[in-house]
Structures are given as structure tokens and as C-alpha cells.
Amino acid sequence: MARTFAIIKPDAVQNGHAGNIIAHVQKAGFRILGMKLTQISLPQARKFYEVHAERGFYGELVEFMSSGPSVVLALEADNAVALWRETIGSTDPAEAAEGTIRKLYAENKGRNAVHGSDSDENAAIEIAFFFSGTELVG
Ligand code: IDP
Ligand code: MG
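Caption draft 1: Representation of unusual backbone geometry within the structure. Even without being a glycine, Asn79 presents a positive backbone phi close to 50°. Take Asn79: it is sitting in the loop between β3 (70-77) and α5 (80-88). For Asn79, a relative accessible area of 61% gives the class exposed. The phi dihedral of Ala113 is positive, around 75°, even though this residue is not glycine. Mapping Ala113 onto the fold places it in the loop between α6 (101-105) and β4 (114-116).

Printed below as a string of C-alpha cells:
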């Protein structure tokens, strides 16, 4: 079993899509190991998206990610990283496949409803960034 890390981003929480997105998580076959509602701070968002610091959209991205509550999730499944990326679809909802979460719920490439880790290594780092060991079920 592998793990991935997901965020239901502020646009999706604000638009009332959190419940539907959690239903997609479960329908895709993930076991939820940890889940909480949290407003990501600006420093946390800057750190979390550090890899994109030189990109033109970085300022907009970290402002957006700290603009309202998010739901953060630690998920478990076989091939969790790839399965979740497949479930959410392409970064830009205009390019996302039918039935994917971003196709259904994203507003645009920036306000795109959900996050998904891009590797097992980053999944572990991202889960540890938001959850202490005791906040995850066994
Ligand atoms: P990902 O979330 O699909 O892994 P990344 O390229 O890692 O996509 O980008 C991280 C996040 O930065 C995206 O989910 C999106 O919110 C934002 N982002 C990426 N590219 C753009 C862009 O061209 N304009 C605005 N925001 C962007
Ligand atoms: Mg990414």
C-alpha cells in the first residue's frame, strides 16, 4: 500500500464541493488515513509551493491557497500517487478528462479545486507537513 497527499483547495470548499470531492476519493478506492479542515497560512503556502517560487503565478498561488479554508487529506491505496493524479485530471480543467475532479469542479488552471502529490517521496513530505503521526489512523 502507498500513500498520497491531497488538498481540497479554497475554491472548492467555498463553492460547496468538498462533500462531492470526498465521495470521489472513496469511489476511487482510497482509504482516508487523515483528514482535517484548516486555513493554510501564507508562510505555510509559500513553503509548500517553494518549488514554484520562480514561476510567474507563485504570488497569486500562495495568496489563493491561504485565502480560505482547505481540507487536507492523507490517502492510502495501491499506486496512490498515480491513482489520485488520474482521479483529479490535468492541472488545467480545460485539458482534464471527462469525469475527473478538476473537469467537474475546477474554475481555471489556478483555482483548480484539488492538489495531488507528484511522487511517493513528495507524498511523504507533504503528509508530514500537515499531519502529526497521531493524527493518522493506523
Ligand atoms: P499540479 O497541481 O497539477 O501538480 P503544478 O504544475 O505542480 O500542478 O502547479 C501547482 C499549482 O499551481 C496548480 O495546481 C495550480 O493551482 C497553480 N498553477 C500551475 N500553473 C499555473 C498557471 O499557469 N497559472 C496559474 N496557476 C497555476
Ligand atoms: Mg504539482
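Caption draft 2: Examining the pattern of salt bridges more closely. Applying the stated rule across the entire model yields five salt bridges. Salt-bridge contacts for Glu135 lead to Lys36; the nearest nitrogen and oxygen are separated by 3.0 Å. Taken as a pair, Glu135 in the segment after α7 (120-130) and Lys36 in strand β2 (residues 31-38) lie far apart in primary sequence, 99 residues in all. When its relative accessible area of 37% is taken as the criterion, Glu135 is described as partly exposed. The partner of Lys47 in a salt bridge is Glu50, and the shortest N-O contact between them spans 3.4 Å. Note on Glu50: relative accessible area 47%, which makes it partly exposed.

Rules and cut-offs
Residues numbered from 1 in each chain as written. Chains lettered and ligands numbered in written order. Predicted model: local features only at pLDDT ≥ 70, side-chain atom pairs only at ≥ 80, totals over all residues. Heavy atoms only, no water. Helix = DSSP H or I, 4+ residues; strand = E, 2+ residues; numbered from the N terminus. Buried < 20%, exposed > 50% of the residue type's maximum accessible area, 1.4 Å probe, protein only. Salt bridge = Lys/Arg side-chain N within 4 Å of Asp/Glu carboxyl O.

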